[in-house]
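Structure at a glance
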Amino acid sequence: MSNKATIITAGGSGQRMKNDIPKQFILLGNIPILMLTIQAFHLFDEKMKIVVSLPKEYVEYWQKITEKYNFNIQVKIVEGGKTRYHSISNALKEVQNSKYVAIHD
């Protein structure tokens, strides 16, 4: 297990982009942007712990699209908070034993 961890905050709602789905789930090259982001960190260090904070209402959606896209990189999903601060705070609880923590937004 790596001593590195990454927190990816994916709490957007898509309002500013005037989209039906949040931007993290928009397809880029036939794959959701969030999956591409996770892949980039995974390529950097396959053993690094990756924690994704999602709005509660999109956790089940995430599970469905991981099956649809046969996405099998292990990530820990945590429920996002009312603000970005709260989402990161929730995710930090999952990486307390990591020496290095990156926060991607």
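All values reported here derive from a predicted model rather than from experimental measurement. (Residues numbered from 1 in each chain as written. Predicted model: local features only at pLDDT ≥ 70, side-chain atom pairs only at ≥ 80, totals over all residues. Heavy atoms only, no water.)

**Examining helix H2 (residues 59-68)**
The complete set of buried residues in H2 reads Trp62, Ile65 and Thr66. Viewed along the axis of H2, the buried residues span an arc of 105°, placing them on a single side of the element. Away from its buried face, by an angle of more than 90 degrees, H2 presents the exposed residues Glu60, Lys64, Glu67 and Lys68. Buried residues belonging to H2 abut helix H1 (33-44), strand S2 (49-54) and strand S3 (76-79). Immediately beyond the C-terminal end of H2, within one or two residues, lies Asn70, with a positive phi of roughly 50°. (Buried < 20%, exposed > 50% of the residue type's maximum accessible area, 1.4 Å probe, protein only. Helix = DSSP H or I, 4+ residues; strand = E, 2+ residues; numbered from the N terminus. Arc of directions from axis to C-beta. Contact = heavy atoms within 4.5 Å.)

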